[in-house]
Amino acid sequence: MPAPLEAATARGPICENIAKVGSTTYYSCNGSSHTALDISNQSCSEWNARGMILGTVNYKLYSGCANNCANPPPNPNCNGGAGNYYVVSGASGWDFRQLHINTNTSSATKSCDRCALGLVGSTGQSYGAHVHADNRQYGTRKSAWYTSVGTTCGSSGYCENRVGTPTL
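Please read these numbers as outputs of a predicted model, since none were measured by experiment.

A closer look at the packing of aromatic side chains
This model, assessed by the stated rule, comprises four aromatic pairs. With centroids separated by 4.8 Å and ring planes inclined at 10°, the aromatic side chains of Y62 and Y85 adopt a geometry described as stacked. Here Y62, found in strand 5 (residues 57–62), pairs with Y85, found in strand 6 (residues 84–89); they are 23 residues apart in sequence, far enough to count as distant. For Y62, a relative accessible area of 30% gives the class partly exposed. Of the residues examined, Y85 reaches a relative accessible area of 13% and is grouped as buried. Measuring from ring centre to ring centre gives 5.4 Å for W145 and Y146, while their planes differ by 90°; the resulting arrangement is edge-to-face. Chaining the aromatic ring pairs together yields one cluster made of F96, W145 and Y146.

Here we look at the environment of T105
As for its position among the elements, T105 is in the loop between strand 7 (94–101) and strand 8 (110–112). For T105, a relative accessible area of 83% translates into the label exposed. Sequence spacing of T105 and G118 is 13 residues, and the spatial spacing of their C-alpha atoms is 9.2 Å.

Notes on the state of the cysteines
All told, the structure shown has four disulfides when counted by the stated rule. In this model C65 forms its disulfide with C78; the gap between the sulfur atoms is 1.9 Å. Since a negative S-S torsion denotes a left-handed disulfide, the C65-C78 link at about -100° is left-handed. Of this pair, C65 sits in the loop between strand 5 and strand 6 while C78 is found in the loop between strand 5 and strand 6, placing the two residues 13 residues apart along the sequence. For the pair C65 and C78, one class covers both residues: buried. A sulfur-sulfur distance of 1.8 Å marks the disulfide that ties C112 to C115. Comparing C112 with C115 shows no difference in burial state: the two are buried.

Cut-offs and rules
Residues numbered from 1 in each chain as written. Predicted model: local features only at pLDDT ≥ 70, side-chain atom pairs only at ≥ 80, totals over all residues. Heavy atoms only, no water. Phe/Tyr/Trp six-rings, centres within 6.5 Å; stacked < 30°, edge-to-face > 60°. Helix = DSSP H or I, 4+ residues; strand = E, 2+ residues; numbered from the N terminus. Buried < 20%, exposed > 50% of the residue type's maximum accessible area, 1.4 Å probe, protein only. Disulfide = S-S within 2.5 Å.

Structure representation (C-alpha cells):
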C-alpha cells in the first residue's frame, strides 16, 4: 500500500461536463449543516464515479447495500446511512470518503490513481443519485478542503476540474 499523503488534490468524480455540485456546507445549499460536496450528473447507475484523489492511494470499499436509484432509498440505514462507500485513510485521523455509490463486479478495495470505483447511486440515506465526498478528522467533517479552492453550489463536478484539497 502506498504511503499516506499529507495533502492531496481532489478532482470531480463524474466524467461528464454536466456534473455539478448540488450541496456544500449546507444541505441543498440552504438548509442544515452538511459540510461535504454532493455531485451529480442527473443520472444513476452509469459507470462514471471516479476516485477523486490524484496520485495512487488505497481506496477501501465498504459495501453490502443493494444498488439503488430510487428516491427515497429503500434502506436508509445501510452502513449507517453511508450506503456503499470508499475511504482513503491518512495520518492523524484523516479520512476522505465517497458515499452512496452503486457497485458492480469491478468495485473492490484497490490502490489506484482516480480509477473508476463504482456507479453513481443512491444507496444509504440518500435522496437522488449522486456522489457524496467528505474529508474528516477523527470523524468530524471539515469544510476547508473545498472552501479553500472556492468550490460552491453549481461548480463543475467534471472529473478534470479541481474541487478541493483534502487532508490525508
